[in-house]
Amino acid sequence: MIGLKSTLNVIDNSGALLVECVNVLKNKVNNGVGSVGDEIVCVVKRARPVSAATQASVNAVKVRKGDVRRAVIVRTRKEVRRPDGTYVRFDDNAAVLLNNKREMLGTRIGGIVNADLRLKGWSKIVSLAPRVV
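All values derive from a computational prediction rather than experimental measurement. (Residues numbered from 1 in each chain as written. Predicted model: local features only at pLDDT ≥ 70, side-chain atom pairs only at ≥ 80, totals over all residues. Heavy atoms only, no water.)

A.B. asks: Could you give an account of the sheet that holds strand 3 (residues 39–47), with specific residues and numbers?
C.D. replies: One closed barrel holds the five strands; their spatial order is 1-2-3-4-7, and the pairing between them is mixed. Sheet twist, expressed as the average angle between the axes of neighbouring strands with direction ignored, equals 55 degrees. Here five bridges tie strand 4 (residues 68–75) to strand 7 (residues 94–98), and the two strands are oriented antiparallel to one another. Bridged to Ala71 within strand 7 is Leu97. (Pairing = 2+ DSSP bridges. Helix = DSSP H or I, 4+ residues; strand = E, 2+ residues; numbered from the N terminus. Axes fitted to C-alpha atoms, helices over the stretch in contact; angles between N-to-C directions.)

Here you go:
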């Protein structure tokens, strides 16, 4: 249940730490509310600080505070019902940032993700995650 002004933690190594949802893309069914696997447009509210030494390196931070980016929701506090009747709920809302070609901006994922991502076509995220629930 991610909607306008919802804040999400970023669990990849793109450089962003906290984002705020601005729009849920292509989801006319739920009145602009997104769930796990949905794509959103978000604003970077907090990012890792960038020093002059790291700015020139290969591992430069890819985002800055105020950037508008796309992201995919990977965890929600609102429980999600599975077909077998079980419910899955997480401690926080989390997302992974994407570029305009729907590819991951970061190269690593640093947290648990929902297994339902694989069913929605985000198998790259599931394969990089350290744990899938």
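A.B. asks: Help me get a handle on the pairing of strand 4, residues and values and all.
C.D. replies: Of the strand pairs in this sheet, strand 3 and strand 4 are connected by five bridges, and their pairing is antiparallel. Bridged to Glu39 within strand 4 is Val72.

A.B. asks: Tell me about the side chain of Asp12, residues and numbers included.
C.D. replies: Structurally, Asp12 can be placed in the loop between strand 1 (7–10) and strand 2 (16–24). Here the side chain of Asp12 touches Ser14 through a polar contact of 2.8 Å, side chain to side chain. Of the polar contacts made by the side chain of Asp12, one reaches the backbone nitrogen of Leu97; its length is 3.2 Å. Excluding anything up to four places from it in sequence, Asp12 contacts Arg48, Val96, Leu97, Gly106, Arg108 and Ile109. (Polar contact = N/O pair within 3.5 Å; in protein donor to acceptor, adjacent residues only side chain to side chain. Contact = heavy atoms within 4.5 Å.)

A.B. asks: Describe the environment of Val68, naming the residues involved and giving the relevant values.
C.D. replies: Relative to the elements of secondary structure, Val68 occurs in strand 4. Each C-alpha atom, one on Val68 and one on Cys21, is 9.8 Å from the other, the two residues being 47 residues apart in sequence. In this view, Val68 contacts Val41, Cys42 and Val43; residues no more than four positions away in its chain are not counted.

A.B. asks: Requested: an account of the pattern of salt bridges, with residues and values cited.
C.D. replies: When their charged atoms lie close together, side chains carrying opposite charge are able to pair. In total, this model carries seven salt bridges according to the counting rule given. Here Arg89 ties to Glu79 by a salt bridge, and the two come within 3.9 Å at their closest N and O atoms. Taken together, the positions of Arg89 in the loop between strand 6 (87–88) and strand 7 and Glu79 in the loop between strand 4 and strand 5 (80–81) put the pair 10 residues apart, joining distant regions of the chain. Accessibility expressed as a relative area gives 59% for Arg89, which makes it exposed. Classification of Glu79 as partly exposed rests on a relative accessible area of 32%. Among the ionic pairs, Arg82 bridges to Asp116, the shortest N-O distance being 3.2 Å. Residue Arg82 is found in the loop between strand 5 and strand 6, and its partner Asp116 is found in helix 2 (residues 116–119); the two are separated by 34 residues along the sequence. With relative accessibility at 18%, the residue Arg82 sits in the buried group. One continuous salt-bridge network, built from bridges that share partners, spans Glu39, Arg70 and Arg102. (Salt bridge = Lys/Arg side-chain N within 4 Å of Asp/Glu carboxyl O. Buried < 20%, exposed > 50% of the residue type's maximum accessible area, 1.4 Å probe, protein only.)

A.B. asks: A description of the layout of surface pockets should follow, citing residues and the corresponding values.
C.D. replies: The gaps of empty space that remain are located by a probe, the size of a water molecule, rolled over the atoms. As a volume, the largest pocket reaches approximately 210 Å³. Around the largest pocket, the lining is made up of 10 residues, and of these Leu25, Lys26, Gly37, Glu39 and Arg102 lie nearest the centre. (1 Å grid on protein atoms, 1.4 Å probe; cavity = no way out; pocket = protein on both sides within 12 Å on 5 of 7 lines; lining within 4 Å. Points joined across faces, edges and corners; volume = space filled by probe spheres on them.)

A.B. asks: A description of the pairing of strand 3 should follow, citing residues and the corresponding values.
C.D. replies: It is a general feature of regular strands that their side chains alternate between the two faces of the sheet. Of the strand pairs in this sheet, strand 2 and strand 3 are connected by seven bridges, and their pairing is antiparallel. Bridge pairing links Leu18 to Arg46 in strand 3.

A.B. asks: Describe the state of the cysteines, listing the residues and the values that go with them.
C.D. replies: Here a disulfide denotes one covalent bond, and it connects the sulfur atoms of two cysteines. All chains considered together, the criterion is met by zero disulfides. Take Cys21: it sits in no disulfide, and the sulfur closest to it among the cysteines is that of Cys42, at 7.3 Å. Judged by relative accessible area, which is 0%, Cys42 ranks as buried. (Disulfide = S-S within 2.5 Å.)

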